[in-house]
Amino acid sequence: MIFTIPRPCPELLWREGAYLTPAELSSLLEDCTGHTVEDTTDEEGDQIFYVRTPGGERLDENDPFVDIETVEDLVGWRIDEALDSLDS
């Protein structure tokens, strides 16, 4: 019998400094700010990311992020601020 241990929620992973998948980061960002992360590929088939506003518009439409860590650098302070306000 094989047991699968579920991953902790994105909030806990973020607080612990663990790696978040693009979907986990998007979920956490949406919960904290209403923004989301779009995970897609470019014309060459390389993975790229966009941050989307609550209205669905892409931030920096012509300048996608090439790795999820760069996205985290951009939005991390917003997530931290939102989580800190929950702790207060």
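Reading the values: the criteria
- Residues numbered from 1 in each chain as written.
- Predicted model: local features only at pLDDT ≥ 70, side-chain atom pairs only at ≥ 80, totals over all residues.
- Heavy atoms only, no water.
- Phe/Tyr/Trp six-rings, centres within 6.5 Å; stacked < 30°, edge-to-face > 60°.
- Lys NZ or Arg CZ within 6 Å of the ring centre and 35° of its normal.
- Axes fitted to C-alpha atoms, helices over the stretch in contact; angles between N-to-C directions.
- Helix = DSSP H or I, 4+ residues; strand = E, 2+ residues; numbered from the N terminus.
- Left-handed = near helix turned anticlockwise from the far one by under 90°.
- Contact = heavy atoms within 4.5 Å.
- Nonpolar A, V, L, I, M, F, W, Y, C, P; charged D, E, K, R; others polar.
- Core = buried A, V, L, I, M, F, W, Y, C linked by side-chain atoms within 4.5 Å.
- Buried < 20%, exposed > 50% of the residue type's maximum accessible area, 1.4 Å probe, protein only.
- Polar contact = N/O pair within 3.5 Å; in protein donor to acceptor, adjacent residues only side chain to side chain.

**Q** Any chance you could break down the packing of aromatic side chains for me, citing the residues and the numbers?
**A** Here the distance between the centres and the angle between the planes together describe a pair of aromatic rings. Going through the model one piece at a time under the given rule, you end up with 0 aromatic pairs. Arg58 extends its terminal NZ or CZ atom over the ring of Tyr50, reaching a point 3.8 Å from the ring centre.

**Q** I'd like to hear about the packing of helix H2 (residues 22-33) against helix H3 (residues 68-87), residue by residue, with values.
**A** Contact geometry for H2 and H3: axes closest at 9 Å, N-to-C directions at 35°. H3 is crossed by H2, and the crossing has left-handed handedness. Of H3, the residues touching H2 (which contributes Pro22, Leu25, Leu28, Leu29, Cys32 and Thr33) are Ile68, Val71, Glu72, Val75, Arg78, Ile79, Ala82 and Leu83. In terms of residue class, the contact of H2 with H3 is built from 11 nonpolar, 1 polar and 2 charged.

**Q** Got a sec to walk through the nonpolar core? Specific residues and values, please.
**A** Side chains that are nonpolar tend, in soluble globular proteins, to be buried together. Trp14, Leu25, Val37, Val71 and Ile79 are the most contacted members of the largest nonpolar core, which has 15 residues in total. Within the residue set of this core, elements represented by two or more residues are helix H1 (10-16), H2, strand E2 (47-52) and H3. Here this core gets 5 residues from one element, more than from any other, and that element is H3. Dropping the residues within four chain positions of it, Val71 is found in contact with Leu25, Val37, Phe49, Val51 and Phe65.

**Q** Report on the environment of Ser26, specifying residues and quantitative values.
**A** Looking at the element boundaries, Ser26 is found in helix H2. Spatially, the C-alpha atom of Ser26 lies 9.1 Å from that of Asp39, the residues being 13 residues apart in sequence. Excluding residues that lie within four positions of it along the chain, Ser26 makes contacts with His35, Thr36 and Val37. One polar contact links the side chain of Ser26 to the main-chain amide nitrogen of Val37, over a distance of 3.0 Å.

**Q** Outline unusual backbone geometry, supporting the account with residue identities and numerical values.
**A** With a phi angle near 50°, Asp60 is a residue other than glycine that sits in the positive phi range. Structurally, Asp60 can be placed in the loop between E2 and H3. We classify Asp60 as partly exposed; its relative accessible area is 47%.

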